[in-house]
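Summary of the model geometry
Given next are the chains, with one letter for each unit.
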Amino acid sequence: MQKCFKFRLYPSRRQREILERMLNTCRILYNNALAERKEAWEKEKRSVNYHEQAMALPNKKNGNPFLPRVHSQVLQDVLRRVDKSFKSFFRHIKNGEKPGYPRFKGYWRYDSFVYPQFGFKFNGKKLMLSKIGEVNIKLHRPIDGVIKTCTLRRDVDRWYACFTVETNSMVEKKEVRKAVGV
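For the structure given in this document, a descriptive report is provided here. Here the residue index of a chain counts from 1 through its sequence in written order. The model is predicted, so local features are restricted to residues of pLDDT at least 70 and side-chain atom pairs to those at 80 or more, both for listing and for counting; the totals for chains, interfaces and linings are taken over all residues. To get the side-chain values, all heavy atoms of the structure are used, and hydrogens and water are removed first.

Direction of pairing for strand E2 (residues 112–115) relative to strand E6 (residues 146–155): antiparallel, over a ladder of four bridges. Bridging from a neighbouring strand, Phe113 pairs with Leu152 of E6. At least two DSSP bridges between two strands are required for those strands to pair. Only DSSP runs of H or I covering at least 4 residues are called helices, and only runs of E covering at least 2 are called strands; the numbering of each starts at the N terminus. Counted along the chain from E6 to the antiparallel partner strand E7 (residues 158–166), the turn is two residues long, and its residue Val156 has a positive phi close to 60°.

And the structure:
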């Protein structure tokens, strides 16, 4: 069973700037990957998949000064996010539902990025993030289970770390004996 634990981050001013820059780089990569897929279909009637875009990522890093400042797995996860949105779009078409074509993301529509496996670890009361450094974190409860991913999320002017955890504990369902009305 998977659970999510959300904790408040307290980055310094410099770390906040780095987080904003990384988030903006991820948003631009998302929009460029979406544009690449759209263009390939409109001009050549060719579909582009995740693997093609992921294989082209190292070449893009050489020509772009911002991409090397972001952890490689974070960039790969951005491309997975684009792929997931297209799969959802085509699934809706297949099921006869009203599809929504994947959108380009503006500043306030893209508010998180994910470290899927590596690039983060705890160092006492700090969270060590690759390419960012040690960020203060408020661990207000223990994390039960094995951490699988770390999502950094911006909420207006605050930052949060959300950890997806794999646990063996099952939630017990209690039998309701009385009906309660309000």
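When the terminal C-alpha atoms of helix H2 (residues 50–63) are compared, their 20 Å separation across 14 residues agrees well with the 20 Å that a helix rising 1.5 Å per residue should span. At Leu57, H2 shows its maximal bend, which comes to roughly 40°, and the proline Pro58 appears one to four places after that position. Of all the positions in H2, only Tyr50, Gln53, Ala54 and Leu57 are classed as buried. Looking at the buried positions of H2, the neighbouring elements they touch are helix H1 (13–44) and helix H3 (72–94). Polar contact is the term for a pair of N or O atoms within 3.5 Å; when the atoms are in protein, one must be able to donate a hydrogen and the other to accept it, and sequence-neighboring residues count only if both atoms are side-chain atoms. N-capping of H2 is provided by Asn49, with a side-chain oxygen placed 3.3 Å from the backbone N of His51. Multiplying one less than the number of residues by 1.5 Å gives the expected span of a helix. A residue's bend is simply the angle between two axes: one fitted to the seven residues ending at it, one to the seven starting at it. The classification of residues rests on relative accessible area computed with a 1.4 Å probe and restricted to protein chains. Under 20% of the type maximum is buried, over 50% is exposed, and intermediate values are partly exposed. Any two residues whose heavy atoms approach within 4.5 Å at even a single point are treated as in contact.

Within the secondary structure layout, Thr167 lies in the segment after E7. Excluding its chain neighbours within four sequence positions, the residues that come into contact with Thr167 are Met1, Lys3, Asp144 and Gly145.

Let us now look at the packing of H2 against H3. All axes are obtained by fitting lines to C-alpha atoms, using only the stretch in contact for helices, and the reported angles, taken between N-to-C directions, cover 0 to 180 degrees. Running from N to C, H2 and H3 point in directions that differ by 145°, and their axes come no closer than 10 Å. Here H2 and H3 pass one another in a crossing that is right-handed. Across the interface between the two elements, Tyr50, Gln53, Ala54, Leu57 and Lys61 of H2 pack against Ser72, Leu75, Gln76, Leu79, Arg80 and Asp83 of H3. For this scheme, ten residues count as nonpolar: Ala, Val, Leu, Ile, Met, Phe, Trp, Tyr, Cys and Pro. Four count as charged, namely Asp, Glu, Lys and Arg, and the remainder, Gly too, count as polar. Of the residues that constitute the contact of H2 with H3, the class distribution is five nonpolar, three polar and three charged. For any pair of crossing helices, the crossing counts as left-handed if the nearer helix is rotated counterclockwise from the farther one by less than a right angle, and right-handed if it is rotated clockwise.

We note that Lys45 has phi near 55°; this positive angle belongs to a residue other than glycine. Structurally, Lys45 can be placed in the loop between H1 and H2. Given the relative accessible area of 58%, Lys45 is considered exposed. Positive phi is not limited to glycine here, since Lys131 has a value of about 70°. Its location among the elements puts Lys131 in the loop between strand E4 (126–129) and strand E5 (133–138).

What follows is about the sheet that holds strand E3 (residues 120–123). Overall, antiparallel pairing links the seven strands, which are arranged E2-E6-E7-E1-E5-E4-E3 in an open sheet. Among the strands making up the open sheet, the edge pair consists of E2 and E3. Across the sheet, the axes of successive neighbouring strands diverge by a mean angle of 35°, strand direction being ignored. In this structure, E4 lies alongside E5, joined through four bridges in antiparallel fashion. Residue pairing for E5: Leu129 is matched across the bridge by Gly133. Against the sheet, H1 engages E2, E5, E6 and E7, with an angle of about 95° to E2.

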